[in-house]
Amino acid sequence: MSRHITSLLAIAAVTVALTPAIAQAAPTKPKKTEPVDCSQVKCLALTFDDGPGKYAGKLLDTLKKYNAKATFFLEGQYVHARPAYVKRMAQEGHELGNHSYTHPNFTNLEPEAIRSEIQKTQDAVKKASGVTPTLLRPPYGMADTQVSDVAAEFGMPMILWTAGSRDWATKNVKEIQKQTLSVAQPNGIILMHDWVKQTVDGMPSLIKTLQAKGYHLVTVSEVIKDENLQPGDIFPEPAGWDEK
Ligand SMILES: [Zn+2]
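Thresholds, definitions, all that
Residues numbered from 1 in each chain as written. Predicted model: local features only at pLDDT ≥ 70, side-chain atom pairs only at ≥ 80, totals over all residues. Heavy atoms only, no water. Phe/Tyr/Trp six-rings, centres within 6.5 Å; stacked < 30°, edge-to-face > 60°. Helix = DSSP H or I, 4+ residues; strand = E, 2+ residues; numbered from the N terminus. Buried < 20%, exposed > 50% of the residue type's maximum accessible area, 1.4 Å probe, protein only. Lys NZ or Arg CZ within 6 Å of the ring centre and 35° of its normal. Donors = N, O, S within 2.8 Å, 3.2 Å for Na, K, Ca; no water. Core = buried A, V, L, I, M, F, W, Y, C linked by side-chain atoms within 4.5 Å. Contact = heavy atoms within 4.5 Å. Disulfide = S-S within 2.5 Å. Expected span 1.5 Å × (residues − 1). Arc of directions from axis to C-beta. Pairing = 2+ DSSP bridges.

Overview of the packing of aromatic side chains
The tally for this structure, following the rule as stated, stands at one aromatic pair. Look at Phe 48 and Phe 72: their rings are 5.5 Å apart centre to centre, the planes differ by 25 degrees, and that puts the pair in the stacked class. With Phe 48 in strand S1 (residues 43-51) and Phe 72 in strand S2 (residues 71-74), this pair connects stretches of sequence that are 24 residues apart. Side by side, Phe 48 and Phe 72 carry an identical accessibility label, which is buried. Over the face of the ring belonging to Tyr 215 we find Lys 42, whose NZ or CZ atom lies 4.5 Å from the ring centre.

Concerning the coordination of the zinc ion
In this structure, Asp 50 (OD), His 99 (NE2) and His 103 (NE2) serve as the protein donors to the zinc ion, at separations of 2.0 to 2.1 Å. Here the donor residues of the zinc ion are spaced in sequence according to D-x48-H-x3-H. For the pair shown, His 99 and His 103 are each scored as buried.

Comments concerning the nonpolar core
Core analysis: the largest hydrophobic core is formed by 35 residues, its most contacted members being Phe 72 and Leu 96. When contributions to this core are tallied by element, the ones reaching two or more residues are S1, helix H2 (56-65), S2, helix H4 (83-91), helix H5 (111-129), strand S6 (188-193) and helix H10 (203-212). Residue contacts for Leu 96: discarding those within four places in its chain leaves Phe 72, Leu 74, Val 86, Met 89, Ala 90, Val 125, Ser 129, Val 131, Pro 133 and Thr 134.

Digging into the state of the cysteines
What the rule picks out here adds up to one disulfide. Residue pairing for Cys 38: its cysteine sulfur links by disulfide to Cys 43, the two sulfurs lying 2.1 Å apart. Every disulfide takes its handedness from the sign of the S-S torsion; for Cys 38 and Cys 43 that torsion is -85 degrees, giving left-handed.

Some thoughts on H5
With 19 residues, H5 should reach 27 Å at 1.5 Å per residue; the first-to-last C-alpha distance of 27 Å fits that figure. Of all the positions in H5, only Ile 114, Glu 117, Ile 118, Thr 121, Gln 122, Ala 124, Val 125, Ala 128 and Ser 129 are classed as buried. Seen along its axis, H5 keeps its buried residues to an arc of 165 degrees; they face one direction. Those residues of H5 that are exposed and angled more than 90 degrees off the buried face are Glu 112 and Lys 127. Where H5 is buried, its residues touch S2, helix H3 (76-81), H4, strand S3 (95-98) and helix H6 (145-153). One or two steps after H5, the chain reaches Gly 130, where phi turns positive at roughly 85 degrees.

A short note on the pairing of S6
Across the six residues that make up S6, a large majority, six, are buried. On S6, burial covers both faces: Gly 188, Ile 190 and Met 192 on one face and Ile 189, Leu 191 and His 193 on the other are all buried. Here six bridges tie S1 to S6, and the two strands are oriented parallel to one another. Counted as the bridge partner of Thr 47 is Leu 191 from S6. Across two bridges, the pairing between strand S5 (residues 163-164) and S6 is parallel.

What follows is the structure, encoded as structure tokens:
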């Protein structure tokens, strides 16, 4: 009896000793996620903005079924309204990014208002999921040097997209699939929305097709790993950004 207890204690001691090293290597990822090297294989990052939307639960079921990871650029007011989805996103290995609290055009705001939009969303996501976002997607993809400076204060690069699914415009399953497949490219970042029902409805067959084409569906942080982005940087850099 006492020997049994001793060996259990020994196991517990080993577990405790190992935990910090594991936590350091992969702070937010679940253990079962396989490492993917996007410099060696075809990667694509699907990103869902303005959520969590009404259909986030169904989307999460699909992503889980096909072992696909996504990035959610969350709007703080909906994080506050639907915290359970946010918690689930984090638990299931998806990336959580900041997309403001109420979706204003940041280029029309004073720095203090931008700061408040970002901070309130950071707080809401942290409260819902335990995770603090490290990426910012400014609403409408609108940024200038002032927005960049505030993003830098938060230590965040700004992430736009290489192409859009145009799901908000077409709201048609076949059109969303066709558009997404036509713009998919290695290390691409695709803009989608989990409040568009047709996006979520068409996701199983879209994911199957992308995976059949050899794409690994991963988070934004995976596809930008080699970009060495600094706080306040914008990626991909929009035309004319240098002159701002
Ligand atoms: Zn948006």
